[in-house]
Amino acid sequence: MALKLAIVGRPNVGKSTLFNRLAGRKLAIVDDRPGVTRDRRFGTGRLGDIDLELIDTAGFEDVTDESLEARMRIQTERAIDDADVALFVIDAREGVTPLDQVFAEILRRRDKPVVLVANKVEGRQGEDGALEAFRLGLGEPVPISAEHGEGMADLYAAVAAIAYDGDEDEDGDEADKPIRLAIVGRPNAGKSTLVNRLIGEDRLLTGPEAGITRDAIPVDWTWDGRKVRLVDTAGLRRKAKVHEKLEKLSTQDTIRAITFAEIVILVMDATHPFEIQDLQIADLVEREGRGLVFVLAKWDLIADPQAVLAEIVEEAQRQLPQLRGTPIVALSAETGRGLDKLMPAVSKVHSDWSTKVKTRDLNDWLAMATQRHPPPAVGGRRIKPKYMAQTKARPPTFVLFASRADQLPESYRRYLINSLRESFDLPGVPIRVTVKSNKNPYAEGEEKAGQGSARSPFGEPTTGLKAKTRIAASTKAKAGAAAKPKPYGKAKPQGAKAKPGNPRGRAAKLVRPGVKPKRASRPSSSPRRPR
């Protein structure tokens, strides 16, 4: 089924150009003047492997009277209501305008997925405008050039993510979507036994032998009125011990299940938890950005449960600091002990994993966090955080705008992540923080081209007649300084005065090479008598 895509935005941002690009032919009239498109135009197109039903709309105007612009606005709002996805286009060269902010507020009030597109980013002129688009609060902007076809791959990735979610939403609302839950761990850790105990039947083959499960087996289940899709996976061993082709295929299938899951349950044997392979699996889950729950299986074999659990929690905090606060559930799938604590922990992690923080609360937190622990000074200049926004959830992803962002130490970024966990109650959830800075798009171009009013660090011009004269004089002075010194003893014109500090007479002879001073006459032993 084709995806309905409405291309919306204020006048003269390139909507019709993008419409023609996606349709593959020139269906809409394109001109530099704003307001060329007035009615909705329909067409079919394709973006990668996604079939599209395109709707080109008129430029949005913030008027509600009986004028032509108001009637055009009504047509645009109807296009948004009819579409599956709204493609909100802004002009990256002009940046975010007040009309863009008004339209973004209207889009946020509607229950429609929005893809924010920053058009006209060819060259360097649109980079600042694309970064400024984060202020709209509609997620990460996709920089493209509809005229030249740049950025279509990024646009495809953004639209494909929504199209994939939209296929799941056809049968119900967000609350009716099943939680995709993958159960992973080392071989013979008790994964299949845990699945059978959860669903209440012997659905999967179990036994004392290791490596019984080879395929990733999905099982649909309902817990507390919520749909859950459990995926039992094959055990993951160390890569050096995997030699058979069949086990390699099982390992690839397990990794694929982790990639497409939302929450991952890492099952470990309670008698020897957090071995090297367990740590590597947990690190893989964190890098994939999935929620994680630790399960200590075979808990009925532990003699002193409270003391052992305290040691395991301390070891988890020490071995996996990037997953600080991840819930640890101790249970026994054979007896059912502690099984009632597993799904509430999974539901809590899923809720935290899908958290969206308001931009205002986020910036209030940023002000307090930087005031409590200011950023370090690098090279004698302090880094200044300016603004922060959340670009997406699942996992929570944030972008921080700061001066000299490329010099922000990794330790301070980890401090911000840990403070985010503590302030917004997000224990154990992977958090992504990207640091960006606003750069002058013309600075590097002037240095390369040498045009305009470029100046040296001392404020002197680097181009033009004055610069050429100054450079010639400097070159001549350097050449004179590098010439051979004049030899001593050269005749000077009559009447010339010696320069102060130059040796004369006997002192001049003494400094000449190869000249030995004469011996001074010794004074006589008896002084001369006055005459």
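Here the residue numbers are simple positions, counted from 1 along each chain's written sequence. At least 70 in pLDDT is required for a residue's local features to be given in this predicted model, at least 80 for side-chain atom pairs to be given and counted, and no such filter applies to totals for whole chains, interfaces and linings, which use all residues. In computing side-chain properties, one takes all heavy atoms of the structure into account and sets aside hydrogens as well as water.

Quick look at the overall build of the protein chain now. Only DSSP runs of H or I reaching four residues or more are called helices, and only runs of E reaching two or more are called strands; each is numbered from the N terminus. Along the backbone of the protein chain there are 15 helices and 17 strands. Within the protein chain, counting contacts between residues at least 6 apart in sequence, those at least 24 apart form 67% of the total. For accessible areas, the Shrake-Rupley method is used with a probe of radius 1.4 Å. Any residue's cover is judged against the shown protein chains and nothing else. For the protein chain, the accessible area works out to roughly 31,700 Å², and carbon and sulfur atoms hold 50% of it. Here, residues are in contact when the closest pair of their heavy atoms is within 4.5 Å.

Aromatic pairs are defined between Phe, Tyr and Trp rings, using the six-membered ring for Trp, whenever the two ring centres lie within 6.5 Å; interplanar angles under 30 degrees are classed as stacked, those over 60 as edge-to-face, and all others as tilted. Scanning all chains against the criterion turns up six aromatic pairs. Residues Tyr 387 and Phe 401 carry aromatic rings whose centres are separated by 6.3 Å and whose planes lie at 35 degrees to one another, so their mutual orientation is tilted. Residue Tyr 387 is located in strand 15 (residues 385-392), and its partner Phe 401 is located in strand 16 (residues 397-402); the two are separated by 14 residues in the primary sequence. Geometrically, the ring pair formed by Tyr 412 and Tyr 415 is tilted, given 5.3 Å between the ring centres and 45 degrees between the ring planes. Of this pair, Tyr 412 and Tyr 415 both sit in helix 12 (residues 410-424), three residues apart, which is roughly one turn of that helix. Comparing Tyr 412 with Tyr 415 shows no difference in burial state: the two are buried. When a residue's accessible area, from a 1.4 Å probe over protein chains only, is under 20% of the maximum for its type it is buried; when over 50% it is exposed; and in between it is partly exposed.

Here we take up the side chain of Thr 326. Within the fold, Thr 326 resides in the loop between helix 9 (305-319) and strand 12 (328-330). N or O atoms closer than or at 3.5 Å make up a polar contact, with two conditions inside protein: a donor-capable atom paired with an acceptor-capable one, and, for residues adjacent in sequence, both atoms drawn from side chains. There is a polar contact of 2.7 Å between the side chain of Thr 326 and the backbone oxygen of Leu 323. For Thr 326, the contacting residues outside a window of four places in its chain are Leu 292, Val 293, Phe 294 and Gly 428.

Looking at the secondary structure, you find Lys 120 in the loop between strand 5 (114-119) and helix 4 (127-132). For Lys 120, the residues in contact, after removing those within four places along its chain, are Asn 12, Val 13, Asp 91, Ala 92, Arg 93, Gly 126, Ile 144 and Ser 145. There is a polar contact of 3.3 Å between the side chain of Lys 120 and the side chain of Asp 91.

What follows covers the sheet that holds strand 15. Paired strands, in this sense, are two strands between which DSSP finds at least two bridges. Judged by pairing direction, the sheet is mixed, and its three strands sit side by side in the order 15-16-17 without closing on themselves. Whereas interior strands pair on both sides, the edge strands pair on one side only; in this sheet they are strand 15 and strand 17 (432-436). Strand-to-strand twist in this sheet, taken as the mean axis angle between neighbours without regard to direction, amounts to 20 degrees. Here strand 15 runs beside strand 16; their pairing, made up of six bridges, is antiparallel. Bridging from a neighbouring strand, Pro 385 pairs with Ala 402 of strand 16. In this analysis an axis means a line fitted to C-alpha atoms, helices contributing only their contacting stretch, and an angle means the value between N-to-C directions, from 0 to 180 degrees.

The subject of this paragraph is the pattern of salt bridges. Side-chain pairing between opposite charges can occur once the charged atoms of the two side chains come close. Here, a salt bridge means any side-chain nitrogen of Lys or Arg that lies within 4 Å of a carboxyl oxygen of Asp or Glu. Applying the stated criterion across every chain, the model contains 21 salt bridges. Between Glu 262 and Arg 180 there is a salt bridge whose closest N-O contact spans 3.7 Å. Of this pair, Glu 262 sits in the loop between helix 7 (245-260) and strand 10 (263-269) while Arg 180 sits in strand 7 (residues 179-185), and the two are 82 residues apart along the sequence. Classification of Glu 262 as buried rests on a relative accessible area of 2%. Of the charged contacts, one joins Glu 275 and Arg 186 as a salt bridge, the two residues approaching to 3.7 Å between their closest N and O atoms.

Across the sheet, which stays open at both edges, the six strands sit in the order 2-3-1-4-5-6 with mixed pairing between neighbours. Looking at the sheet topology across the chains shown, the edges are occupied by strand 2 (41-47) and strand 6 (142-143). Both strand 1 (residues 3-8) and strand 3 (residues 50-56) contribute to a ladder of five bridges, which runs parallel. Each bridged residue has a counterpart across the sheet, and for Ile 7 the counterpart in strand 3 is Asp 56. Each of strand 1, strand 4 (85-91) and strand 5 touches helix 3 (residues 98-109); the most contacted strand, strand 4, lies at about 170 degrees to it.

What follows deals with the nonpolar core. To qualify as a nonpolar core, a set must consist of buried Ala, Val, Leu, Ile, Met, Phe, Trp, Tyr and Cys residues joined through side-chain atoms within 4.5 Å. Leu 181, Leu 194, Leu 230, Ile 265, Val 267, Leu 342 and Val 346 are the most contacted members of the largest nonpolar core, which totals 27 residues. Contributions of two or more residues to this core are made by strand 7, helix 6 (191-199), strand 8 (217-223), strand 9 (226-232), strand 10, strand 11 (291-297) and helix 10 (342-353). Not counting residues up to four positions away in its chain, the partners in contact with Val 267 are Ile 183, Val 184, Gly 185, Arg 186, Ala 189, Gly 190, Lys 191, Leu 194, Val 295 and Ala 297.

This part is about the pairing of strand 8. Direction of pairing for strand 8 relative to strand 9: antiparallel, over a ladder of seven bridges. Paired with Trp 223 across the strands is Arg 226, a residue of strand 9. Linking strand 8 back to strand 9 in an antiparallel pair, the connection comprises two residues, with Asp 224 at a positive phi of about 55 degrees.

What follows deals with the confidence of the model for the protein chain. In this model, the protein chain carries a mean pLDDT of 79, and residues with pLDDT of at least 70 account for 73%. Least confident of the elements in the protein chain is helix 13 (residues 443-449), whose mean pLDDT is 46; most confident is strand 12, at 95. Confidence of the predictor at the level of single residues is captured by pLDDT, which takes values from 0 to 100. In this model residues 166-173 is a low-confidence stretch, pLDDT under 50, and it forms four contacts with partners more than four residues away in sequence or in other chains. Confidence over residues 443-459 falls short of pLDDT 50; this stretch has 10 contacts with residues more than four positions distant or in other chains.

Put simply, helix 11 (residues 359-372) and helix 12 touch, their axes get as near as 11 Å, and they point 125 degrees apart. The orientation of helix 11 with respect to helix 12, classified from their angle, is oblique. Seen from above, helix 11 lies across helix 12 with right-handed handedness. Facing Asp 361, Leu 362, Trp 365, Ala 369, Thr 370 and Arg 372 of helix 11, the residues of helix 12 in contact are Tyr 412, Tyr 415, Leu 416, Ser 419, Leu 420, Ser 423 and Phe 424. Throughout this entry, Asp, Glu, Lys and Arg are counted as charged residues, while Ala, Val, Leu, Ile, Met, Phe, Trp, Tyr, Cys and Pro are counted as nonpolar. The remaining residues, Gly among them, count as polar. For the contact of helix 11 with helix 12, the per-class residue count stands at eight nonpolar, three polar and two charged. For classification purposes, an angle smaller than 35 degrees is called roughly parallel, one larger than 145 roughly antiparallel, one from 65 to 115 roughly perpendicular, and anything else oblique. In a left-handed crossing the near helix is turned counterclockwise from the far helix by less than a right angle, and in a right-handed crossing that turn is clockwise.

Time to look at helix 1 (residues 15-23). Burial analysis of helix 1 places eight of its nine residues in the buried class, which makes it a mostly covered element. For helix 1, the set of buried residues is Lys 15, Ser 16, Thr 17, Leu 18, Phe 19, Asn 20, Leu 22 and Ala 23.

This part covers the side chain of Thr 397. Position of Thr 397 relative to the elements: it lies in strand 16. Judged by its relative accessible area of 11%, Thr 397 falls in the buried class. Beyond its immediate sequence surroundings of up to four residues, Thr 397 is in contact with Ala 389, Gln 390, Thr 391, Lys 392 and Arg 432.

Right, let's get into the environment of Ala 234. Summarising the element assignment, Ala 234 is placed in the loop between strand 9 and helix 7. Its relative accessible area of 4% is what places Ala 234 among the buried residues. Separated by 17 residues in sequence, Ala 234 and Thr 251 place their C-alpha atoms 6.9 Å apart.

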